Amino acid sequence: MEIVAVSPRQVQGQGKSYPVKIRLDASADLQFHTGMSCRAEIETRASDASAVAAVPVQAVYYEESEDRSKPAKSSVFVLQDGRVHQKIVETDIADDSYIGIKKGVEVGARIVTGPARALRFLHDGDRVREVAVAEEKGTAAAAAQPATKP
């Protein structure tokens, strides 16, 4: 029997936690007592799932659809030859730092990250200057600043 809370507990200044109750089989090696606690990571990937690219959450830009019954359009900016190219993506599951990308960008693409207030001023084809690079989770992320005009 496993029970996972639907809504998280959140302590100011800390992350969210979801209380979980599990039943463990009896073990001669371990003794558990009332009140003991632990920290665990729960894998949510299905055994038949395929790997997907992941990008930092702040790299995904959302635009509301004109038809309110449709979901917001999500996209990322890919950096190529000093210019950004907006790619529409289909997102997957996410954690606090990364969001999976099902379609729209290949693993290894250089993805522009930044706060939404910076991304909303980027347009397809804008020239940018790369300021930092971090490679994790199969996709390179590049923070960029608008290039100064000559």
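Here, residues in each chain are numbered from 1, in the same order as that chain's written sequence. Two thresholds apply to this predicted model, a pLDDT of at least 70 for residue-level local features and 80 or more for giving and counting side-chain atom pairs, whereas whole-chain, interface and lining totals are computed over all residues. Side-chain metrics in this entry use all non-hydrogen atoms of the structure; hydrogen atoms and water are not considered.

The helix count covers DSSP runs of H or I at least four residues long, the strand count covers runs of E at least two residues long, and both are numbered beginning at the N terminus. Looking only at helices and strands, one finds one helix and 13 strands in the protein. For the protein, the sequential pattern of α-helices and β-strands runs β-β-β-β-β-β-β-β-β-β-β-α-β-β. We call a residue buried when its accessible area falls under 20% of the maximum for its residue type, exposed when it is over 50%, and partly exposed in between, using a 1.4 Å probe and counting protein chains only. Of all 150 residues assigned to the protein, the portion counted as buried reaches 22%. It only takes one pair of heavy atoms within 4.5 Å for two residues to be counted as in contact. Of the contacts formed within the protein by residues at least 6 apart in sequence, a portion of 47% connects residues at least 24 apart. Areas reported here follow the Shrake-Rupley algorithm with a probe of radius 1.4 Å; residue values treat only the protein chains shown as occluding. For the protein, the accessible surface area stands at approximately 12,000 Å², while carbon and sulfur atoms represent 49% of it.

This part takes up the nonpolar core. Listed in full, the 11 residues of the largest apolar core are V55, A59, V60, V76, V78, V89, I99, I101, V105, A109 and I111. When contributions to this core are tallied by element, the ones reaching two or more residues are β7 (73-80) and β10 (98-103). To define a nonpolar core, start from buried Ala, Val, Leu, Ile, Met, Phe, Trp, Tyr and Cys residues and group those joined through side-chain atoms within 4.5 Å.

For this document, the term salt bridge refers to a Lys or Arg side-chain nitrogen within 4 Å of an Asp or Glu carboxyl oxygen. Following the criterion strictly, the structure yields three salt bridges and no others. Across the pair K73 and E63 runs a salt bridge whose closest N-O atoms are separated by 3.7 Å. Highlighted residues: K73 in strand β7 and E63 in strand β6 (residues 61-63), separated in sequence by 10 residues. Here K73 falls in the partly exposed class, since its relative accessible area comes to 38%. Between K103 and E90 there is a salt bridge, with the nearest N and O atoms lying 3.9 Å from each other. A residue pair is termed long-range when its members are at least 10 positions apart, and K103 in strand β10 and E90 in strand β9 (residues 90-94) qualify at 13 residues. On the basis of relative accessible area, K103 is assigned to the exposed category, the value being 55%. In this structure E90 comes out as partly exposed when scored by relative accessible area, which is 35%.

What follows covers the sheet that holds β9. Paired strands, as defined in this entry, are two strands with at least two bridges between them according to DSSP. Pairing in this open sheet of three strands is antiparallel, and the strands run β5-β10-β9 from one edge to the other. In the strand order of this sheet, the two ends are held by β5 (53-56) and β9, each with one partner. Mean inter-strand twist for the sheet, computed between neighbouring axes without regard to direction, equals 40°. With four bridges connecting them, β5 and β10 associate as antiparallel partners. By the bridge assignment, P56 is partnered in β10 with Y98. Throughout, an axis means a line fitted to C-alpha atoms (over the contacting stretch in the case of helices), and angles, computed between N-to-C directions, take values from 0 to 180 degrees.

The next thing to look at is the confidence of the model for the protein. Predictor confidence is given residue by residue as pLDDT, running from a minimum of 0 to a maximum of 100. This prediction gives the protein a mean pLDDT of 77; 78% of its residues lie at or above 70. The weakest mean pLDDT in the protein belongs to strand β13 (residues 139-146) at 51; the strongest belongs to strand β8 (residues 83-88) at 93. When the criterion is pLDDT under 50, residues 136-141 qualifies, and its contacts beyond four places in sequence or with other chains add up to 26 contacts.

On to a nonpolar patch on the surface, then. A surface patch of nonpolar side chains, amounting to about 720 Å² of accessible area, comprises Y18, V20, I22, L24, L30, F32 and M36. For L30, a relative accessible area of 51% corresponds to the exposed category. Patches in this entry comprise residues that are over 30% relatively accessible and not in a salt bridge; like charges within 9 Å are linked, as are nonpolar side chains (Val, Leu, Ile, Met, Phe, Trp, Tyr) within 5 Å.

What follows concerns the pairing of β8. By the bridge criterion, six bridges tie β7 to β8 in an arrangement that is antiparallel. Its bridge partner lying in β8, V78 is registered against H85. Between the end of β7 and the start of β8, which pair antiparallel, lie two residues, with D81 showing a positive phi angle near 50°.

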